[in-house]
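# Chain and residue survey
Residues per chain, in single letters:
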Amino acid sequence: MFVIKVGGSTGIDYDAVCDDIARLVQSGQKLILVHGGSSLTNEVAEQLGHPPRFITSPSGYTSRFTDRRTLEIFEMVYCGQMNKGIVERLQQRGINAVGLSGLDGRLWEGKRKKAIRAVDENGRKFVVRNNYTGTVETVNTALLESLLAAGYLPVLTPPAISEEGEAINVDGDRAARATAVALKAETLVILSNIPGLLRDFPKESSLIPEIPKAQIEEFQAFAAGRMRIKLLGAKEALDQGVSRVVLGDARVENPVSQALSGQGTVIQ
Ligand code: ADP
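Residues numbered from 1 in each chain as written. Predicted model: local features only at pLDDT ≥ 70, side-chain atom pairs only at ≥ 80, totals over all residues. Heavy atoms only, no water.

### A short note on helix α1 (residues 14-26)
Applied cut-off: Strands are runs of DSSP state E lasting at least 2 residues, helices are runs of H or I lasting at least 4, and numbering of each runs from the N terminus. What a helix should span is 1.5 Å times the count of its residues minus one. The buried label applies to any residue whose accessible area, calculated with a 1.4 Å probe on protein chains only, is under 20% of its type's maximum; exposed applies above 50%, and partly exposed to all values in between. Should any heavy atoms of two residues lie within 4.5 Å, those residues are considered in contact.
Given a rise of 1.5 Å per residue, 13 residues ought to cover 18 Å, and the 18 Å separating the end C-alpha atoms of α1 matches this to within 8%. Among the residues of α1, Tyr14, Ala16, Val17, Cys18, Asp20, Ile21, Ala22 and Leu24 are the ones counted as buried. Buried residues belonging to α1 abut β1 (2-6), β2 (31-35), α3 (68-92), β10 (153-157), β13 (187-192) and α8 (255-260). Gly28, located one to two residues past α1, shows a positive phi value of around 100°.

Right, here's the structure in full:
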């Protein structure tokens, strides 16, 4: 059993990802797909006149500022075009995929962080309110297991749901991590538009092939921006029982099989 997260950055080859997943499922592998949609969301938000805004936490993690309008645009893209585009591709390849957001069946539940601390470019701290974000804390494994048992392939996307039943934007990598932990997956594959963690970003020849679990924090020094969250998610996954996390490239042929065979950055 493994969980695959495919990002939403430009350059990702969703056809190659779906070709590979179809082959793996047809050969009897059990898996769950989680996807992102960040770059298309930024584009659509610009076009709708509500450009994206990002906030940085005091510990250096960036996230999307999500007011109610942003959440609506986010849902249009993630639950709409991205999710249905992937389900359609899988259906064309003979895989009975079912697309769900974390809201559906309370699949991903977490706490909404109504007020979050942030820092501006001058290092000044401030509090952001009006924010619909949170972190996944529980996963409806019964729903996922019944879909898998009936032969469906779950294709999952943020948002998640708060305890009060509100939609909350959650980080896709960390939602995938929570899903892998809850289903006791052996491997979590995180595919993006880069070969893995690069020592000297963006030089692709500087790929770091392996990170021992105990050294993840030291390797955070090489990661900037969103890559920091991927490493944080990897650490959480390994701390909570997943044996291996692979950061792999989603721009190549057979991206999932390549990552499973150790191409990319293997963290274990
Ligand atoms: P996705 O949307 O596919 O999940 P993200 O954009 O969230 O992907 O994260 C991947 C991005 O992290 C890369 O495209 C790259 O811009 C950035 N990054 C920052 N530092 C590094 C690094 N050291 N190695 C690789 N990528 C890095």
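Resuming the write-up.
### Quick look at the sheet that holds β10
Note the following rule: Strand pairing requires that DSSP identify at least two bridges connecting the strands. Fitted lines through C-alpha atoms serve as axes, helices being fitted only where they are in contact, and the angles separating the N-to-C directions of these axes extend from 0 to 180 degrees.
Across the sheet, eight strands lie side by side as β5-β10-β2-β1-β13-β15-β16-β14; this open sheet has mixed pairing. One side of each edge strand has no neighbouring strand; the edge strands of this open sheet are β5 (97-101) and β14 (210-211). Here three bridges tie strand β15 (residues 244-249) to strand β16 (residues 265-267), and the two strands are oriented antiparallel to one another. Along β16, the bridge assignment pairs Leu247 with Thr265. Relative to β1, helix α5 (residues 172-182) is tilted by about 175°, and along the sheet it contacts β1, β2, β10 and β13.

### Some details on the site of the ligand
To be explicit about the condition: Whether a residue is near a molecule or strand depends on its heavy atoms: if one lies within 4 Å, it is near. Any N or O atom pair separated by 3.5 Å or less is treated as a polar contact, with the protein-specific requirement of one donor-capable and one acceptor-capable atom, and with residues adjacent in sequence counted only for side-chain atom pairs. Every accessible area reported is derived by Shrake-Rupley at a probe size of 1.4 Å, with residue values counting cover from the shown protein chains alone. In this count, Pro and Cys sit with the nonpolar residues alongside Ala, Val, Leu, Ile, Met, Phe, Trp and Tyr, while Asp, Glu, Lys and Arg are called charged and the others, Gly among them, polar.
Every one of the 19 residues lining the ligand counts as a neighbour, but Ser192, Asn193, Phe222, Arg226 and Lys230 are closest to it. One of the side-chain N or O atoms of Asn193 is found 2.8 Å from an oxygen atom in the ligand. A distance of 2.5 Å separates an oxygen atom of the ligand from a polar side-chain atom of Arg226. Taking 570 Å² as the accessible area of the ligand by itself, protein coverage stands at 88%. Split by residue class, the shell around the ligand holds nine nonpolar, seven polar and three charged.

### Looking at the packing of aromatic side chains
Cut-off, in case you're wondering: Note on aromatic pairs: the rings of Phe, Tyr and Trp (six-membered ring only in Trp) are paired at centre separations within 6.5 Å, and the planes decide the class, stacked below 30 degrees, edge-to-face beyond 60, tilted for the rest. We count a charge as sitting over a ring when the NZ of a lysine or the CZ of an arginine lies within 6 Å of the ring centre and within 35 degrees of the ring normal.
All told, the structure shown has two aromatic pairs when counted by the stated rule. Geometrically, the ring pair formed by Phe74 and Tyr78 is stacked, given 3.9 Å between the ring centres and 20° between the ring planes. Of this pair, Phe74 and Tyr78 are both found in helix α3, four residues apart, which corresponds to roughly one turn of the helix. Residue Phe74 is classed as buried on the basis of its relative accessible area, which comes to 2%. Seen in terms of ring centroids, Phe219 and Phe222 are 5.8 Å apart; in terms of plane orientation they differ by 55°. Their pairing is tilted. The class of Phe219 is buried, set by a relative accessible area of 10%. On the basis of relative accessible area, Phe222 is assigned to the partly exposed category, the value being 29%. Sitting over the face of the ring of Tyr132, Arg112 holds its NZ or CZ atom 3.9 Å from the ring centroid. Across the ring face of Tyr61, the terminal group of Arg228 is positioned such that the distance to the ring centre comes to 5.1 Å.

### Some remarks on the pairing of β2
β2 sits mainly inside the fold: five of its five residues count as buried. Of the two faces of β2, both are covered, the one formed by Leu31, Leu33 and His35 as well as the one formed by Ile32 and Val34. Pairing between β1 and β2: five bridges, direction parallel. In the sheet register, Val3 faces β2, and the bridge partner there is Ile32. Strand direction decides the pairing type here: β2 and β10, joined by two bridges, are parallel. Pairing of Leu33 across the sheet is with Val155, part of β10.

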